[in-house]
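Inside the fold
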4 protein chains.
Amino acid sequence: MDDLTARIRAFAEERDWQQFHTPKNLAMALAGEVGELVAEFQWLTPEQAAAVMDDADAGARVRAEIGDVVIYLTRLADVLGIDLKDAAVAKLAEVAVRYPAEQVRGSAHKR
Amino acid sequence: MDDLTARIRAFAEERDWQQFHTPKNLAMALAGEVGELVAEFQWLTPEQAAAVMDDADAGARVRAEIGDVVIYLTRLADVLGIDLKDAAVAKLAEVAVRYPAEQVRGSAHKR
Amino acid sequence: MDDLTARIRAFAEERDWQQFHTPKNLAMALAGEVGELVAEFQWLTPEQAAAVMDDADAGARVRAEIGDVVIYLTRLADVLGIDLKDAAVAKLAEVAVRYPAEQVRGSAHKR
Amino acid sequence: MDDLTARIRAFAEERDWQQFHTPKNLAMALAGEVGELVAEFQWLTPEQAAAVMDDADAGARVRAEIGDVVIYLTRLADVLGIDLKDAAVAKLAEVAVRYPAEQVRGSAHKR
């Protein structure tokens, strides 16, 4: 991810957009992009959603929206000084303790 | 990211949670986690938000929420067969054409 | 809605929370609450989701989350000077032109 | 709100869209629209956001996005059999107990 972080940072700096890239603003931008991603799936049946990448147009839109989400998430993490992978691995370890496999297997999980 | 994708996939499989991890459900889970991340910043001034990682409690919460976002984003991309980095790089190239540095420098950008 | 707007405004004023209730912050709070609402549905099948109000616990949670969404939406509209019903009626009229009933009947709609 | 609920229901029925308007799908649509609303504010300073309705173009966009949010929220509540105002009043009463005015006055509030 480090190379991607550097590219996105350079992209922002070349446009003098660091002034807009505050944590608050980037969290909002991330929410906006995730909203667009969710919208791609909103009227699809579970079956249609599962096959969305087989549709050239819809698949390209989903891929582009995911690209946007990654860009803002990476930028937010950069601005906050957080390593995305470390944060995920730490959280996964925490969740593994909260949801032991043998106890929760196959049951719908609540947060 | 590949190692993280594998870990999260194993985590789901050990719990027989693949049945819940449809694209539609994962997009919703991602939206839910991004909502929690945004909530961490909602009442902070821009200055407080910029210094959020200096506060041990708030910083830990932000890091944990970002971990959750990465987990669901990685899982969604896995289920869809999308490479997160490739999607971001492709989108960045597209946006670079739409927003040439010399034309947009320093100005608030619209989508 | 006017009475509700007044109640929520009084609630905020009694707590001197107007300072936090900027449009930007309220939009974030709304996103956070909608994230919690979406999370209530994320692992449910379409059938389970359709019957969610028959489950006392889940139904109460959904109702509470919807209450939160209405509170922040009403407060945001109050701060912006927007009438919620007028805004919805105006948008509905616009959408009716864009999606004529005889042309779109029964087909999945895109934005 | 009842008149608005009826109008939106008629709008959906004229288009035979009830089949798409499941709670799960409507919650996603709501999240998508709130994402668009948040995006209107993402790059604005607090001052710019507070004055957004003075800008004809941005003000019209914000009003339209709020209209969309009200439409999907009203439709979701209709499908679930929830009264929006009752849900908000009930939640406000609950929050009033949790955050007594004399104890929380003027301090940033956490959920």
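Quantities reported herein were computed from a predicted structural model and do not represent experimental measurements. (Residues numbered from 1 in each chain as written. Chains lettered and ligands numbered in written order. Predicted model: local features only at pLDDT ≥ 70, side-chain atom pairs only at ≥ 80, totals over all residues. Heavy atoms only, no water.)

1. Quick look at the environment of Val70(C)
This is how the line gets drawn: In this description a helix means any DSSP run of H or I spanning at least four residues, a strand means any run of E spanning at least two, and both kinds are numbered starting from the N terminus.
Tracing the backbone shows Val70(C) in helix 4 (residues 56-80). Along the chain, Val70(C) and Lys24(C) lie 46 residues apart, while their C-alpha atoms are 17 Å from each other.

2. Digging into the interface of chain A and chain B
Short version of the rule: By definition, residues are in contact when any of their heavy atoms lie within 4.5 Å. When two parts are put together, the accessible area they lose, computed with a 1.4 Å probe and summed over both, is reported as buried area. When a carboxyl oxygen of Asp or Glu is within 4 Å of a side-chain nitrogen of Lys or Arg, the pair counts as a salt bridge. Pairs of N or O atoms are called polar contacts if they sit within 3.5 Å, as long as, within protein, a hydrogen donor faces a hydrogen acceptor (for residues adjacent in sequence, only side-chain-to-side-chain pairs). Amino acid classes used here: Ala, Val, Leu, Ile, Met, Phe, Trp, Tyr, Cys and Pro are nonpolar; Asp, Glu, Lys and Arg are charged; the rest, including Gly, are polar.
Counting residues at the interface gives 67 residues for chain A and 67 residues for chain B. Buried surface at the junction of chain A and chain B, summed over both partners, amounts to about 5700 Å²; 74% is from carbon and sulfur atoms. Linking chain A to chain B there are 4 salt bridges. The partner of Lys85(B) in a salt bridge is Asp3(A), and the shortest N-O contact between them spans 3.1 Å. Seen at the junction of chain A and chain B, the total is 18 residue pairs in polar contact (both at pLDDT 80 or more). The element best represented in the side of chain A that touches chain B is helix 4 (residues 56-80) of chain A, accounting for 12 residues. For the side of chain A that touches chain B, the per-class residue count stands at 44 nonpolar, 8 polar and 15 charged.

3. Describing the side chain of Glu40(C)
Residue and element names in this part refer to chain C. Locating Glu40 in the fold gives a position in helix 2 (residues 23-41). Reaching out from Glu40, the side chain makes a polar contact with the side chain of Arg61 at a distance of 3.0 Å. With residues near it in sequence (within four places) discarded, Glu40 still touches Arg61, Val62 and Glu65.

4. A word on the UniProt feature "domain: NTP pyrophosphohydrolase MazG-like" (unreviewed entry) in chain A
Convention followed: UniProt positions are given in the numbering used here, feature names are shortened, and annotations may be inferred rather than shown by experiment.
Per the UniProt record, the feature "domain: NTP pyrophosphohydrolase MazG-like" (unreviewed entry) sits at residues 22-92 of chain A. The straight-line gap between the two end C-alpha atoms of residues 22-92 of chain A is 27 Å; of that span, 82% is helix and 0% is strand.

5. A look at the relation of the copies chain A and chain B
Note the cut-off: A residue counts toward the fit only if its pLDDT is at least 70 in both copies, and the copies are then superposed by least squares on the C-alpha atoms of those residues.
Take chain A, turn it by 180°, move it 0.0 Å along the axis, and it overlays chain B with an RMSD of 0.0 Å. Viewed as a symmetry operation, the transformation between the two copies matches a two-fold axis. Here 100% of the interface residues in chain A have copies in chain B that are interface residues too; the copies meet face to matching face.

6. Details of helix 1 (residues 2-14) of chain C
Formally: Multiplying 1.5 Å by the helix residue count minus one yields the expected span of that helix. Only protein chains enter the calculation, and the probe is 1.4 Å; a residue is then buried if its accessible area is under 20% of its type maximum, exposed if over 50%, and partly exposed in between. Each C-beta atom gives one direction from the helix axis, and the arc is the one those directions make.
Spanning 13 residues, helix 1 of chain C covers 18 Å between terminal C-alpha atoms, matching the ideal 18 Å at 1.5 Å per step. Turning to helix 1 of chain C, its buried residues are Leu4(C), Thr5(C), Ile8(C), Phe11(C) and Ala12(C). Take helix 1 of chain C and look down its axis: the buried residues cluster within an arc of 125°, on one side only. The inward-facing, buried residues of helix 1 of chain C abut helix 4 of chain C together with helix 5 (84-98) of chain D. Among the residues trailing helix 1 of chain C, Asp16(C) stands out with phi positive, at a value near 55°.

7. Topic: the packing of aromatic side chains
Cut-off, in case you're wondering: Note on aromatic pairs: the rings of Phe, Tyr and Trp (six-membered ring only in Trp) are paired at centre separations within 6.5 Å, and the planes decide the class, stacked below 30 degrees, edge-to-face beyond 60, tilted for the rest. The criterion is that NZ of a Lys, or CZ of an Arg, lies within 6 Å of the ring centre and within 35 degrees of the ring normal, and then a charge sits over that ring.
For the coordinates displayed, the defined rule picks out 12 aromatic pairs over all chains. Where Trp17(A) meets Tyr99(B), the ring centres are 5.8 Å apart and the plane angle is 75°; that geometry is what we call edge-to-face. Of this pair, Trp17(A) sits in the loop between helix 1 (2-14) and helix 2 (23-41) while Tyr99(B) is found in the loop between helix 5 (84-98) and helix 6 (101-104), placing the two residues in two different chains. Assessed through its relative accessible area of 13%, Tyr99(B) is described here as buried. An aromatic cluster of three or more residues is present, and its members are Phe11(A), Trp17(A) and Tyr99(B). Note that Arg15(A) overlies the ring of Trp17(A), its terminal NZ or CZ placed 6.0 Å from the centroid. A cation over an aromatic ring shows up here: Arg15(C) above the ring of Phe11(C), its NZ or CZ 3.8 Å from the ring centre.

8. Remarks on helix 2 of chain A
The end-to-end C-alpha separation of helix 2 of chain A is 28 Å, in line with the 27 Å expected for 19 residues at 1.5 Å each. Counting buried positions along helix 2 of chain A gives 19 out of 19 residues, so the element sits mostly inside the fold.

9. Here's the deal with the pattern of salt bridges
With the rule as written, the count across this model stands at 32 salt bridges over all chains. The salt bridge partner of Asp3(A) is Arg7(A), with a shortest N-O separation of 3.6 Å. Taken together, the residues Asp3(A) and Arg7(A), both in helix 1 and 4 residues apart, mark about one turn of the helix. For Arg15(D), the salt bridge goes to Glu14(D), with nearest N and O atoms at 3.5 Å. The class for Glu14(D) is partly exposed, based on a relative accessible area of 44%. Overlapping salt bridges bring together Asp3(A), Arg7(A) and Lys85(B) as one network.

10. Here we look at the packing of helix 5 (residues 84-98) of chain C against helix 4 (residues 56-80) of chain D
Our working definition: Helix axes are fitted only over the stretch in contact, all axes being lines through C-alpha atoms; the angle between N-to-C directions runs from 0 to 180 degrees. Angles are sorted into four bins: roughly parallel if under 35 degrees, roughly antiparallel if over 145, roughly perpendicular if 65 to 115, and oblique for all others.
Two elements in contact, helix 5 of chain C and helix 4 of chain D, have axes separated by 7 Å at closest approach and are oriented at 90°. As far as their axial angle goes, helix 4 of chain D and helix 5 of chain C are roughly perpendicular. Of the residues in helix 4 of chain D, those in contact with Leu84(C), Asp86(C), Ala87(C), Ala88(C), Ala90(C), Lys91(C) and Leu92(C) of helix 5 of chain C are Arg63(D), Ala64(D), Ile66(D), Gly67(D), Asp68(D), Val70(D) and Ile71(D). Split into classes, the residues belonging to the contact of helix 5 of chain C with helix 4 of chain D amount to 9 nonpolar, 1 polar and 4 charged.

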